[in-house]
Amino acid sequence: MVERRPVDPWDLTRLVFVVGHIAIKEIVLLESIEAELKRRKSDDEPKRKRRAAPKVNGGDDDDDDELNQIAGTTEDEIGDIISAIRERELLAGDRSVLALFGPLLVHVCQNLGTFGDRLLTVHATAALAKFMCVSSAFCEKQLPLLLALLQRAKSAVIRANIAIAVGDITVCFSNLMGENVQYLYEPLHDGDVNVKKTTLMVLTHLILNGMVKVKGQLGEMAKCLEDKDPSVADMARLFFTELATKDNAVYNNLPDIISSLSVGAGAVNETSFARIMKFLFDFIKDKERQLENVVDKLCQRFRNTTDPRQCRDIAYCLALLPYKSDRSIRRLVDALPGYQQKLAEDAVYKYFVDIVAKMRTQSAQKHEAAVVVDDFEAKLREARAKAIGEDNAEEAAAASAAAASAADGGDNENEDDAQMDADEDEDL
């Protein structure tokens, strides 16, 4: 019977580190071999063309086409061969040494609480992630385990390392992470600052280099603009500044960002929302066509919501726009029936008053635009009066005047009483 002896955690740590490092070096070696084979193929291309030239001149088109097809598929064949080695030989098969250690890494990572040594658990999870970058089959099988550790591992170091690993896996096997892309953004709300910073750096690299498609998750990145840690907030500002240099990237995702920040359990407070939106709207304020479309989209949102908070946020976003062109003004005017009932909210109406003031400044030199603004202001007042229960603007003004008169009368009575009290004091 084989005697079982306890394993020194330090020895096991060194072992898992070595096998993980070997796995990565195997990938590097295969990629360098693939690059060298493709380089040689590219260098041989002119020679093939010269050898084929007499046949082309001689009119043998069939032979030439066949040669071109062979030359055109050689690079693809090289890539397929390298991929087959990674999938079928490095982590599988009787001749694979690394295949012996895959189950060991999985066992340690499934029982981090049992293996209490900090270094061992850190290096075991890192080694598992490296193995997953080798083979898509192994990666797909162990991906649920890795994502569970990303969410529940007690060690911040392990969570940060896995955030980096998930980014690497996204580059290697983008199709596997496509269905789990939401897990990439969850560590942005981690309680540890280093985990948040690491995740933000990984996402910045992936998004700016087009390695991952953004599908409504930029709102999670935008929340980092208001992070308590200044370094996280600065990194988020840098990300959006770089993203704004891409074609319409901020503009295309603006509706989703607004929804993420304004609606649902993940909504930020109104003060943070205002600061974030002011920062983001600066990236589109000089693009007139985009501004016109933003007006349309925001006004459409008024039609689809009855939530007072969301109405205030939409009105605030409309107030951020410059309204430099007549078209932007007219689009907001034409959309009045869709939001006139929302003007009963004092904050919403105030934002529209600010919008009118901004329009008036922009249209000061244009008589026709000034007429449109005056008409819009009158319609706003009328809609406001109706929204708060008044029949028309005149009745609202009359009610206000009556209230003011009553207040003046009350003040006069108070003054008379005070005078009588003073006279009584003098008699005494």
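We now turn to the structure provided with this report. Note that the structure is a prediction, hence the values are computed from the model and not measured.

1. Considerations on the overall build of the protein
Reasoning step 1: Helix and strand content of the protein: 20 helices and zero strands.
Reasoning step 2: Within the protein, the proportion of its 428 residues that are buried is 41%.
Reasoning step 3: Within the protein, counting contacts between residues at least 6 apart in sequence, those at least 24 apart form 68% of the total.
Reasoning step 4: When the accessible surface of the protein is split by element, carbon and sulfur atoms take 51% of a total near 24,200 Å².

2. Concerning the nonpolar core
Reasoning step 1: Within the largest apolar cluster, 111 residues are counted, with the highest numbers of intra-cluster contacts made by M221, M277, L318, L332, Y339 and F352.
Reasoning step 2: Residue contributions to this core peak at eight residues, all from helix 5 (residues 136-152).
Reasoning step 3: Apart from the residues lying within four places of it in its own chain, the contact partners of Y339 are C299, F302, L332, F352, F376 and L380.

3. Considering unusual backbone geometry
Trans is the common state for peptide bonds, and a negative phi is the common state for residues other than glycine.
Reasoning step 1: Of note in the backbone geometry, N248 takes a positive phi value of approximately 55° without being a glycine.
Reasoning step 2: Position of N248 among the secondary structure elements: in the loop between helix 11 (230-243) and helix 12 (249-262).
Reasoning step 3: Here Y323, not a glycine, exhibits a phi torsion of approximately 55°, which is positive.
Reasoning step 4: Along the chain, the position of Y323 falls in the loop between helix 15 (308-320) and helix 16 (326-334).
Reasoning step 5: By relative accessible area, Y323 is classed as buried at 2%.

4. Concerning a nonpolar patch on the surface
Reasoning step 1: Where nonpolar side chains cluster on the molecular surface, the patch consists of F17, V18 and I22 and spans about 240 Å² of accessible area.
Reasoning step 2: Turning to its location among the elements, F17 is positioned in helix 1 (residues 9-57).
Reasoning step 3: On the basis of relative accessible area, F17 is assigned to the partly exposed category, the value being 39%.

5. Examining helix 15
Since the α-helix advances by 3.6 residues per turn, residues separated by three or four positions end up pointing in the same direction.
Reasoning step 1: Over its 13 residues, helix 15 extends 19 Å from the first C-alpha to the last, a length consistent with the 18 Å expected when each residue adds 1.5 Å.
Reasoning step 2: Most of helix 15 is tucked away: eleven of the 13 residues are buried.
Reasoning step 3: Listed as buried for helix 15 are R309, Q310, C311, R312, D313, I314, A315, Y316, C317, L318 and A319.
Reasoning step 4: On its buried face, helix 15 sits against helix 12, helix 13 (270-281), helix 14 (288-303), helix 16 and helix 18 (346-362).

6. As for the side chain of T305
Reasoning step 1: The residue T305 is located in the loop between helix 14 and helix 15 in this model.
Reasoning step 2: Overall, the relative accessible area of 7% leaves T305 in the buried class.
Reasoning step 3: Within the structure, the side chain of T305 is placed 3.1 Å from the backbone nitrogen of D307, a separation counted as a polar contact.
Reasoning step 4: When near neighbours in sequence (up to four residues on either side) are disregarded, T305 contacts Q310, C311, I314 and K342.

7. Structural notes on the pattern of salt bridges
Oppositely charged side chains can form a pair if their charged atoms are brought close together.
Reasoning step 1: Evaluation of the coordinates by the stated rule reveals 23 salt bridges.
Reasoning step 2: We note a salt bridge from K350 to D354, for which the minimum N-O separation is 3.3 Å. Residue K350 and its partner D354 are both found in helix 18; the two are separated by four residues, about one turn of the helix.
Reasoning step 3: Given a relative accessible area of 47%, K350 falls into the partly exposed group.
Reasoning step 4: Three or more residues joined by partner-sharing salt bridges are found here, namely R289, E292, D296, R327 and R331.

Reading guide: rules and limits
Residues numbered from 1 in each chain as written. Predicted model: local features only at pLDDT ≥ 70, side-chain atom pairs only at ≥ 80, totals over all residues. Heavy atoms only, no water. Helix = DSSP H or I, 4+ residues; strand = E, 2+ residues; numbered from the N terminus. Buried < 20%, exposed > 50% of the residue type's maximum accessible area, 1.4 Å probe, protein only. Contact = heavy atoms within 4.5 Å. Areas by Shrake-Rupley, 256 points an atom, 1.4 Å probe, with all protein chains shown as cover. Core = buried A, V, L, I, M, F, W, Y, C linked by side-chain atoms within 4.5 Å. Patch = residues over 30% accessible without salt bridge, like charges linked within 9 Å, V, L, I, M, F, W, Y side chains within 5 Å. Salt bridge = Lys/Arg side-chain N within 4 Å of Asp/Glu carboxyl O. Expected span 1.5 Å × (residues − 1). Polar contact = N/O pair within 3.5 Å; in protein donor to acceptor, adjacent residues only side chain to side chain.

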